[in-house]
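# Observations on the model geometry
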Amino acid sequence: MSWAGKLLRVNLTNGEITSEMLNEQWKNDYLGARGLASKYLSEEIDPACDPLSPENKMIMATGPLTGTMAATGGRYVVVTKGPLTNCIACSNSGGFIGAEMKNAGWDMVIFEGKSPTPVYLYIENDQVELIAADDIWGTSVWHTDEWLHNKHQDPLLRIAAVGRTAENGCFYAGIVNDLHRAAGRSGVGTVMASKNLKAVAIRGTLGVGNLADPEGFMKAVNEGKAALAENPVTGQGLPAYGTQVLMNVINEIGALPTNNMKDVQFDGAHAISGEAMHEPRKSDGRPNLTTNAACFGCTIACGRISTIDQGHFSVENKSQYWGNSGGLEYEAAWALGADNGVDDLDALTYVNFVCNEEGFDPITFGATVAAAMEMYEDGDLTIEQTGGIAFNFGSAEALTKGAEWVAAGEGFGKDLALGSKRLCEKYGRPELSMTVKGQEFPAYDPRGIQGIGLNYATSNRGACHVRGYTVASEVLGIPEKTDPLTAEGKPGLVKAFQDATGAVDSAGLCLFTTFAWSLDNIAPQIEAACGGGWTAERLAETGERIWNLERDFNLKAGITSADDTLPERLRKEAAKTGPAKGIVSKVEEMMPEYYELRGWDSDGVPTDETRSRLGLKD
Amino acid sequence: MEKALVINPDKCTGCLQCELACSYENEGVFNPSKSRIKVFTFHQEGRFVPYTCTQCSDAWCQQACPVDAITLNLLTGAKEVNENTCVGCKVCTISCPFGTINYNQNTGKVIKCDLCGGDPKCVSACPTQAITYIDANQTGMEKMRQWATETDNSPSNSAANV
Amino acid sequence: MHYMIVGAGPSGVIACETIRKMDKNAKISLISGQCEPPYSRMAIPYFLEEKIAEKGTYLRHDENYFSDQNIGIVSQAVTQVDSSNDNVILANGEVLSYDKLLLATGATAISPPIAGIDLNNVHNCWTLEDARNIAAKAVPGSSVVLMGAGFIGCIILQSLLKRGVKLTVVEMGVRMVPRMMDDVAGALLKSWCESKGVTIMTSQQVTSINAVNEGLIVDLKDANSLNADLVICATGVKSNIDFLENSGINIDQGIVVNEFLQTNINNIYASGDVAQGLDFSDQSQHVQAIQPTAVEHGRIAAINMVNNNCCIHRGSVNMNILDTMGLISTSFGQWMGVPDGEQSILLDKDNYLYINLQFDGDYLVGVSSLGHTQNIGVVRGLIRGKVKLGVWKKRLMNNPNRLMEAYLASSLSQA
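Residues numbered from 1 in each chain as written. Chains lettered and ligands numbered in written order. Predicted model: local features only at pLDDT ≥ 70, side-chain atom pairs only at ≥ 80, totals over all residues. Heavy atoms only, no water.

Let us look at the overall build of chain B. Along its length, chain B carries five helices and eight strands. In chain B, the succession of helices and strands from N to C terminus is β-α-β-β-α-β-β-α-β-β-α-β-α. Taken across its 162 residues, chain B has 64% of its residues classed as buried. For chain B, the share of sequence-separated contacts (at least 6 apart) that also reach a separation of at least 24 residues comes to 56%. (Helix = DSSP H or I, 4+ residues; strand = E, 2+ residues; numbered from the N terminus. Buried < 20%, exposed > 50% of the residue type's maximum accessible area, 1.4 Å probe, protein only. Contact = heavy atoms within 4.5 Å.)

The structure is reproduced here in structure tokens:
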């Protein structure tokens with residue numbers, strides 16, 4: 001219950017669209033969204049396949065709480081084999097389209113094959129069709145959104161689309177929904193475009209119900225909402241500053257990767273912080289931030305709605321960027337700002353807009369520019385190769401031009417569209433790519449926050465903070481404070497965070513609830529919605545099962561324990577300033593204990609005992 | 001004391017909890033498309049505006065209804081649609097200059113806000129107090145109503161006091 | 001004070017109620033030419049569809065409603081108004097006097113002057129009596145010819161189809177609902193009807209109807225003919241003003257009224273389908289014959305009767321909403337546009353979606369649509385409120401679907 005109980009299977013090769021009942025056993029084992037879609041993907045494709053071939057599939061999935069009144073119950077995920085990492089990719093997004101899919105009566109949509117010509121999928125409840133997308137192929141997400149709204153004459157149509165970057169084969173293109181929310185990481189948009197699928201447009205009017213215990217559900221939901229309101233992070237910090245509340249905090253503790261992770265503190269941190277977004281600009285007296293905004297059903301509302309100073313060089317004579325749109329979140333502000341040494345808030349906001357407009361991941365893009373800047377300063381790239389613009393750290397011009405080139409798929413943008421791993425390999429400096437399994441780091445330096453480094457190294461989708469956000473404990477003291485500089489106890493902490501996150505991601509909830517909620521707050525909501533005995537313990541076990549399922553996929557895809565590590569810089573070059581001065585990442589020290597806690601052998605392979613305990617196939 | 005819904009768009013984050021609560025109360029499912037309160041998004045301006053019936057005293061919908069299916073709840077001041085009487089002719093939907101009474105294709109009847117009988121669920125669901133239910137005399141609702149009367153040449157806009 | 005209201009349609013009933021609210025002690029008489037309690041024409045299609053019983057069409061449902069309001073009902077047609085003596089004369093010869101009189105006698109369906117229009121199985125579709133006849137004769141398998149694809153014709157299509165008849169519609173105009181929609185929408189409506197199995201003939205005319213055996217033969221202008229068991233005539237209506245000849249009251253297409261809905265005789269007012277009231281859009285005087293206008297008239301006339309012309313009628317926006325077998329269309333104001341006006345149009349033929357906005361400078365003056373129902377009332381708000389659109393004009397030109405946003409943004413800034 002609470003699941004719609006149905007999935008859509010869309011064969012893009014022959015245009016066939018079929019409806020299937022959701023697999024009962026799998027939904028009990030994997031809950032929904034990330035877990036359930038990963039199970040379907042694992043069962044249906046060869047993990048060794050080429051992620052951009054028709055053999056790969058792409059699944060858009062909701063969780064049982066998606067579309068309900070549970071706070072933040074609007075999440076959806078995209079699960080596929082990612083081109084950036086060649087690993088399983090699960091990219092998670094808020095906004096409104098997830099709830100709309102559920103409201104249209106579908107838990108998930110599985111896309112297979114490849115359409116001979118560009119198409120988009122239109123879903124209006126059980127009326128589903130593939131429609132020619134020739135008119136919007138080669139256009140931006142924003143244009144596609146407007147075009148589809150006009151075509152269907154429906155302002156409430158919810159749309160997820162890929163931009164030109166995905167079509168051009170940029171390895172880190174995302175799928176943008178509701179104009180500025182995105183399943184942004186690992187190149188899931190690139191997969192979508194490789195299938196000639198431009199967009200998914202959904203209108204659902206059936207309603208989400210079928211609750212196991214309606215009264216219990218509303219009670220659990222209201223208790224959950226109250227807990228979010230009372231918590232200082234979810235009740236005050238995030239609404240006021242968004243995730244950008246972290247910029248100054250992380251800089252203070254010396255864990256703000258700067259200049260391609262050469263440094264751990266950034267002099268310009270304040271200028272690009274959440275606090276700065278509230279300060280009036282000199283030119284027009286308006287702050288960068290207009291308001292905070294919520295995704296579907298979210299009572300936190302961390303989203304940023306911002307404007308760019310109309311006098312800023314990046315938007316001169318470009319009125320399409322003068323209005324409000326999705327503003328900077330912490331990861332983007334870091335990747336575009338600190339990691340490139342750029343402290344120009346308007347430039348970062350502009351690039352963030354362009355990322356949404358053309359559908360590419362600002363984290364990977366920013367980190368790739370950072371690697372390019374280091375290579376440029378080291379002389380590995382010439383000014384001719386970088387399009388006539390000096391790619392020095394701190395250059396807002398290089399950053400903004402780079403974004404425009406990637407968006408258009410031209411010039412040096414073609415190189416930047418490779419992501420840092422392929423770019424650095426191409427120019428002979430592979431060690432300068434700050435990645436794990438090909439995916440760039442987010443905004444926390446593993447030297448200053450030890451646990452997050454272990455999480456990066458083991459994350460199944462490559463370096464990622466939202467697979468096990470130990471920053472909560474190591475920095476914010478949630479649920480309890482641990483010392484960020486020590487490796488001790490971190491393997492257990494990482495595993496616990498990773499497993500819990502698997503459950504949250506599979507429920508259809510936002511990870512940010514976990515600043516205030518533990519699985520003890522979440523279990524009653526899932527149990528009242530779904531029935532069948534969902535406890536905190538079972539959720540943690542479900543998360544663990546999902547983690548091992550993803551690991552299994554990656555092993556079959558060719559990943560080995562050698563990939564469970566961090567770049568040499570983080571292991572060998574000590575932090576130069578701040579509380580972590582003189583410290584390197586102790587990831588190698590932590591790994592054996594992590595494998596053991598996971599029930600994996602020394603090669604990082606789940607043991608038979610682990611498999612049987614979790615009910616995984618051999 | 002009669003109470004009224006008061007909406008402060010400045011506080012709205014666009015989360016749609018009000019729509020979820022409204023549809024759950026009235027339809028038994030979470031279904032924003034059937035909510036009597038709607039949040040409109042002004043993307044360009046970065047603004048969210050929750051909007052529903054003001055229970056205006058002139059009640060265009062009520063007057064236009066040819067079969068007397070819309071009646072006044074004397075306790076709450078709400079204009080309520082009697083589902084059994086409504087024939088689904090939709091005349092009220094074009095008469096209401098606010099656009100807050102809508103046709104529901106599934107039932108073949110119209111739907112509008114009825115203040116949940118005096119305990120509006122959108123109010124308790126709103127996490128930011130953008131929607132409150134307070135003493136009608138203190139509200140800015142009167143302003144909305146006045147504006148409403150100017151949109152149409154209402155008799156009550158004149159000296160007559162009906 | 002004795003207020004007399006002639007005609008028990010929506011306009012007359014609203015007038016009675018308005019007077020009663022304003023004056024608890026006044027004597028109010030409601031003269032009804034029909035034998036049923038006051039009922040609504042708008043509800044007739046749903047009666048035909050058997051969605052409601054006859055009682056479901058009544059304007060007020062409580063059996064004692066009118067007596068509780070102390071409104072006296074007289075069930076007699078008025079045959080003459082003697083304005084010089086403040087009297088009306090009833091069909092039974094009785095003479096009643098009034099202090100103030102409201103004429104809300106409505107309109108009657110007209111029949112084209114063709115041979116056979118008086119035959120037994122040829123009916124209008126206007127009164128409850130007509131509906132009873134149609135209900136009895138439109139039986140499964142029978143052939144029905146509907147003359148006229150205007151508002152009334154379209155609105156009863158669904159109920160006829162549900163009765164299992166074979167249906168042919170003959171419309172004289174070049175398209176369906178010619179007075180409500182443009183060519184594009186009319187054509188879409190036609191193909192919608194055809195997809196539901198209804199035969200639609202436009203630019204066609206019935207020239208005569210002949211009885212043959214049990215059935216009817218309907219001759220058409222193009223020399224073809226149709227067999228029918230029942231012919232329904234929905235070719236238009238005209239105001240009920242015949243009884244006013246020699247009354248001294250100025251009449252034209254309907255009763256001529258001023259801005260107070262007052263006739264040329266001081267203590268006589270007119271409202272609803274019989275009144276040639278002011279049209280908001282072009283400020284001309286004509287009979288709109290629509291429910292919202294009838295109600296608006298009734299209220300304003302009543303107030304002016306009680307409070308001595310204190311309330312000016314600035315005109316009613318002509319508007320319609322029509323449900324043609326599930327395809328909902330609307331039209332408002334000057335949907336056909338104005339000279340030098342601008343328009344913003346979206347059309348999706350495959351999905352029967354259409355929206356057409358007409359602007360005069362910075363103002364919205366007309367709208368027609370197919371398949372749009374949500375928040376549609378704001379069109380009235382925007383037109384009637386003369387809401388200056390400002391930046392929203394351009395936005396609506398780009399995307400006419402942003403009406404609600406335009407309305408909210410403009411109204412909030414003007415509130």
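The rest of the description comes next.
Now for the overall build of chain C. Along chain C, the regular secondary structure elements total eleven helices and 25 strands. Taking 415 residues into account, the globule formula puts the C-alpha radius of gyration at 22 Å, and chain C, at 22 Å, falls close to it. The C-alpha extent of chain C, read off along each of the three principal axes, is 65 × 60 × 40 Å. Taking the contacts inside chain C whose residues are at least 6 apart along the sequence as the reference set, 61% of them involve residues at least 24 apart. Of the roughly 16,000 Å² that chain C leaves accessible, carbon and sulfur atoms contribute 47%. (Rg over C-alpha atoms; globule rule 2.2 N^0.38 Å. Areas by Shrake-Rupley, 256 points an atom, 1.4 Å probe, with all protein chains shown as cover.)

Attention shifts here to the packing of aromatic side chains. Residue and element names in this part refer to chain A. Taken as a whole, this structure holds 24 aromatic pairs over all chains when the rule is applied. Ring centres 4.8 Å apart and planes at 80 degrees place the aromatic pair Trp26 and Tyr40 in the edge-to-face group. Of this pair, Trp26 sits in helix H1 (residues 24-30) while Tyr40 is found in helix H2 (residues 33-44), placing the two residues 14 residues apart along the sequence. Neither Trp26 nor Tyr40 differs from the other in exposure class; each is buried. The interplanar angle of 80 degrees and the centroid separation of 5.5 Å between the aromatic rings of Tyr444 and Tyr469 together place this pair among those described as edge-to-face. (Phe/Tyr/Trp six-rings, centres within 6.5 Å; stacked < 30°, edge-to-face > 60°.)

Our next topic: the packing of H2(A) against helix H19 (residues 490-507) of chain A. Residue and element names in this part refer to chain A. The geometry of H2 relative to H19 is characterised by a closest axis approach of 5 Å and an angle of 90 degrees between their N-to-C directions. Between H2 and H19, the angle falls in the class roughly perpendicular. Taken together, the residues of H19 that come into contact with H2 (itself represented by Ala33, Arg34 and Gly35) are Thr501, Gly502, Asp505 and Ser506. Here the contact of H2 with H19 is composed, by residue class, of one nonpolar, four polar and two charged. (Axes fitted to C-alpha atoms, helices over the stretch in contact; angles between N-to-C directions. Parallel < 35°, antiparallel > 145°, perpendicular 65-115°, else oblique. Nonpolar A, V, L, I, M, F, W, Y, C, P; charged D, E, K, R; others polar.)

On to the sheet that holds strand E3 (residues 58-62) of chain A, then. All names here are of chain A. Taking strand neighbours across the sheet as the criterion, the six strands line up as E2-E1-E6-E3-E4-E5 in an open arrangement whose pairing is mixed. A strand with exactly one partner marks an edge of an open sheet, and here the two such strands are strand E2 (17-21) and strand E5 (88-93). Strand-to-strand twist in this sheet, taken as the mean axis angle between neighbours without regard to direction, amounts to 20 degrees. Pairing of E3 with strand E4 (residues 76-81), which is carried by five bridges, proceeds in the antiparallel orientation. Among the inter-strand pairings, Ile59 is bridged to a residue of E4, identified as Val79. (Pairing = 2+ DSSP bridges.)

The next thing to look at is the sheet that holds strand E15 (residues 325-326) of chain A. Residues and elements named next belong to chain A. Taken in spatial order, the three strands line up as E13-E14-E15 in an open sheet, and their pairing is antiparallel. Every interior strand has two partners, whereas the edge strands, strand E13 (289-293) and E15, have only one. The pairing of strand E14 (residues 303-306) with E15 spans two bridges and is antiparallel. Directly across from Ser306, in E15, lies its bridge partner Ser325.

To continue, consider helix H7 (residues 183-195) of chain C. Residue and element names in this part refer to chain C. Taking 1.5 Å per residue as the helical rise, H7 with its 13 residues ought to reach 18 Å, and the 18 Å between its terminal C-alpha atoms agrees with that figure. Within the span of H7, buried status applies to Ala185, Gly186, Leu188, Leu189, Trp192 and Cys193. Viewed end-on, H7 has its buried residues packed into an arc of 160 degrees, placing them on one side of the element. Put simply, Asp182 is the residue that caps the front of H7, since its side-chain oxygen is 3.2 Å from the backbone nitrogen of Val184. Downstream of H7 by one or two residues, Gly197 has phi in the positive range, about 95 degrees. (Expected span 1.5 Å × (residues − 1). Arc of directions from axis to C-beta. Polar contact = N/O pair within 3.5 Å; in protein donor to acceptor, adjacent residues only side chain to side chain.)

Residue and element names in this part refer to chain B. Counting buried positions along strand E2 (residues 38-42) yields four of five residues, so the element is predominantly enclosed. As judged from the five bridges shared by E2 and strand E3 (residues 47-51), these two strands associate in the antiparallel manner. Considered in E3, the bridge of Val39 is made with Pro50. Between the antiparallel neighbours E2 and E3 lie four residues, among them Gly46 with a positive phi of about 65 degrees.

Quick look at the nonpolar core now. The tendency in soluble globular proteins is for nonpolar side chains to be buried side by side. Residue and element names in this part refer to chain A. Counting residues in each nonpolar core, the largest one holds 198 residues, and the members touching the most others are Met108, Phe217, Ile250, Phe365, Phe391, Leu416 and Tyr444. Broken down by element, the residue count for this core peaks at nine residues, all from helix H13 (residues 362-378). The residues touching Met108, leaving out its near neighbours within four places in the chain, are Lys6, Leu7, Leu8, Leu22, Leu36, Ala37, Tyr40, Ile59, Met60, Ala61 and Met101. (Core = buried A, V, L, I, M, F, W, Y, C linked by side-chain atoms within 4.5 Å.)

On to the confidence of the model for chain B, then. Model confidence for chain B is summarised by a mean pLDDT of 87, while 83% of its residues fall at 70 or above. Between residues 147-162 of chain B, whose pLDDT stays under 50, and residues either more than four places distant or in other chains, the model counts 44 contacts. (pLDDT = per-residue confidence, 0-100.)

Here we come to the pattern of salt bridges. All names here are of chain A. Overall, the coordinates contain 63 salt bridges over all chains when judged by the stated rule. For the salt bridge of Asp378 with Arg429, the shortest nitrogen-to-oxygen distance reads 3.0 Å. On the criterion of sequence distance, the pair formed by Asp378 in helix H13 and Arg429 in the loop between helix H16 (420-426) and strand E16 (435-436) is long-range, its members being 51 residues apart. One salt-bridge network, held together by shared partners, links Arg9, Glu20, Glu44, Lys57 and Glu112. (Salt bridge = Lys/Arg side-chain N within 4 Å of Asp/Glu carboxyl O.)

Further remarks concern the environment of C:Cys16. Residue and element names in this part refer to chain C. With respect to the helices and strands, Cys16 occurs in helix H1 (residues 10-22). Here Cys16 falls in the buried class, since its relative accessible area comes to 0%. Sequence-wise, Cys16 and Gln69 are 53 residues apart; in three dimensions their C-alpha atoms are separated by 9.1 Å. Sequence-distant contacts of Cys16, defined by excluding residues within four places in its chain, comprise Ile5, Ile28, Leu30 and Ile71.

Further remarks concern a nonpolar patch on the surface. Residue and element names in this part refer to chain C. Together, Val184, Ile345 and Leu347 give the surface a local cluster of nonpolar side chains, amounting to about 210 Å² of exposed area. Inspection of the secondary structure assignment puts Val184 in helix H7. Judged by relative accessible area, Val184 falls into the partly exposed class, the value being 33%. (Patch = residues over 30% accessible without salt bridge, like charges linked within 9 Å, V, L, I, M, F, W, Y side chains within 5 Å.)

Residue and element names in this part refer to chain C. Each assigned domain of chain C is listed here: domain 1 (2-108 + 238-307), domain 2 (122-235) and domain 3 (326-414). Spacing between the C-alpha centres of domain 1 and domain 3 amounts to 33 Å. Every contact between the two is made by four residues of domain 1 and, on the other side, seven residues of domain 3. Here domain 1 and domain 3 share an interface that buries about 460 Å² over both sides, 54% of which is from carbon and sulfur atoms. Taken together, the connections running from domain 1 to domain 3 amount to two salt bridges. (Domains from an automatic or database assignment. Buried area = accessible area lost by both parts, 1.4 Å probe.)

A cis amide bond, omega -5 degrees, links A:Ile478 with the succeeding residue A:Pro479. Structurally, A:Pro479 is set in the loop between helix H18 (471-474) and H19. With a phi angle near 65 degrees, C:Glu50 is a residue other than glycine that sits in the positive phi range. Within the element layout of this structure, C:Glu50 appears in the loop between helix H2 (44-48) and helix H3 (65-68). According to the relative accessible area criterion, C:Glu50 is exposed, its value standing at 59%.

Residue and element names in this part refer to chain C. With 16 residues, helix H8 (residues 291-306) extends 23 Å from end C-alpha to end C-alpha; this agrees with the ideal 22 Å at 1.5 Å per step. Within H8, 16 of the 16 residues are buried, which leaves the element mostly enclosed by the surrounding structure. In the segment just after H8, Asn308 is the residue with positive phi, at about 50 degrees.

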